[in-house]
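Coordinate analysis (summary)
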Amino acid sequence: MARDQVTNDRLAKLLAQLISLTERGELHWERQLGSAHRYARWNNNLLILGPSDPLSDTKLPRYLFVTPFDSPSCVEINSTDEVLGGPLMDLITAVERLSSNEPPTDPFGISEEVLSRLTSE
């Protein structure tokens with residue numbers, strides 16, 4: 001689906017901001033245990049980059065999926081996009097470079113904090 005120039009400009013600014021935050025270490029990306037994605041939490045949104053196959057596989061489409069925690073709405077940017085594909089690949093490259101040595105995590109693992117909020121015991 002074609003986007004208007006204003007929307008493309010806003011999404012390009014979002015990608016630039018995410019790259020900057022990532023490069024400065026202010027946006028922390030993790031790899032989910034057993035998943036082919038990297039994810040981060042930012043401004044009450046879940047950000048998902050995928051897949052996490054090696055960047056040397058240049059024919060594989062990449063994507064950024066953004067969904068608010070409090071809404072079913074979402075935004076997706078794909079690496080095949082003529083306008084935003086390049087900046088998206090810049091973000092993916094930065095994320096891979098800065099988080100490739102981190103161990104996978106389980107964002108859905110049960111923690112004592114979560115259990116305390118859900119139970120009175």
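Residues numbered from 1 in each chain as written. Predicted model: local features only at pLDDT ≥ 70, side-chain atom pairs only at ≥ 80, totals over all residues. Heavy atoms only, no water.

Turning our eyes to something else, we now look at the overall build of the chain. Of regular secondary structure, the chain possesses three helices and five strands. Scanning the chain from its N terminus toward the C terminus, one meets helices and strands in the order α-β-β-β-β-β-α-α. Among the 121 residues that make up the chain, the fraction classed as buried is 29%. Considering only contacts in the chain between residues 6 or more positions apart, those separated by 24 or more positions represent 44%. About 8,000 Å² of surface is accessible on the chain, with carbon and sulfur atoms providing 54% of the total. (Helix = DSSP H or I, 4+ residues; strand = E, 2+ residues; numbered from the N terminus. Buried < 20%, exposed > 50% of the residue type's maximum accessible area, 1.4 Å probe, protein only. Contact = heavy atoms within 4.5 Å. Areas by Shrake-Rupley, 256 points an atom, 1.4 Å probe, with all protein chains shown as cover.)

Attention now moves to the pattern of salt bridges. Evaluation of the coordinates by the stated rule reveals three salt bridges. Note that Glu23 is salt-bridged to Arg97, the shortest N-O span being 2.5 Å. Remark: Arg97 occurs in helix 2 (residues 85-99) and Glu23 occurs in helix 1 (residues 5-23); sequence separation between them is 74 residues. Classification of Glu23 as partly exposed rests on a relative accessible area of 39%. Between Arg38 and Glu96 there is a salt bridge, and its shortest N-O distance comes to 3.1 Å. Separated by 58 residues along the polypeptide, Arg38 in strand 2 (residues 38-42) and Glu96 in helix 2 bring together distant segments of the chain. For Glu96, a relative accessible area of 25% translates into the label partly exposed. (Salt bridge = Lys/Arg side-chain N within 4 Å of Asp/Glu carboxyl O.)

Turning our attention to the pairing of strand 3 (residues 45-50). Alignment of strand 2 against strand 3, held across five bridges, turns out to be antiparallel. The residue bridging Arg41 from the neighbouring strand is Leu46, located in strand 3. Direction of pairing for strand 3 relative to strand 4 (residues 63-68): antiparallel, over a ladder of six bridges. Residue pairing in the sheet places Gly50 in a bridge with Tyr63 of strand 4. (Pairing = 2+ DSSP bridges.)

Quick look at the packing of helix 1 against helix 2 now. Put simply, helix 1 and helix 2 touch, their axes get as near as 9 Å, and they point 15 degrees apart. When the axis of helix 1 is compared with that of helix 2, the two are roughly parallel. Judged by the sense of rotation from one axis to the other, the crossing of helix 1 with helix 2 is left-handed. Along its contact with helix 1, which presents Leu15, Leu18, Ile19, Thr22 and Glu23, the element helix 2 presents Pro87, Leu88, Asp90, Leu91, Ala94, Val95, Arg97 and Leu98. Here the contact of helix 1 with helix 2 is composed, by residue class, of nine nonpolar, one polar and three charged. (Axes fitted to C-alpha atoms, helices over the stretch in contact; angles between N-to-C directions. Parallel < 35°, antiparallel > 145°, perpendicular 65-115°, else oblique. Left-handed = near helix turned anticlockwise from the far one by under 90°. Nonpolar A, V, L, I, M, F, W, Y, C, P; charged D, E, K, R; others polar.)

The next subject is the nonpolar core. Taken as a class, soluble globular proteins show a tendency for nonpolar side chains to be buried jointly. Ranked by size, the top nonpolar core spans 20 residues in total, and within it Leu18, Leu27, Trp29, Leu47, Leu49, Leu64 and Leu91 carry the most contacts. Residue assignment for this core shows that the elements contributing at least two residues are helix 1, strand 2, strand 3, strand 4 and helix 2. The element best represented in this core is helix 1, accounting for six residues. (Core = buried A, V, L, I, M, F, W, Y, C linked by side-chain atoms within 4.5 Å.)

With respect to the helices and strands, the residue Glu30 is situated in strand 1 (residues 30-31). Buried charge without a salt bridge: Glu30, with Arg41 as the nearest opposite-charge side chain at an N-O distance of 4.3 Å. In this view, Glu30 contacts His37, Arg38, Tyr39, Arg41 and Thr105; residues no more than four positions away in its chain are not counted. (Lys, Arg positive; Asp, Glu negative; His and termini not counted.)

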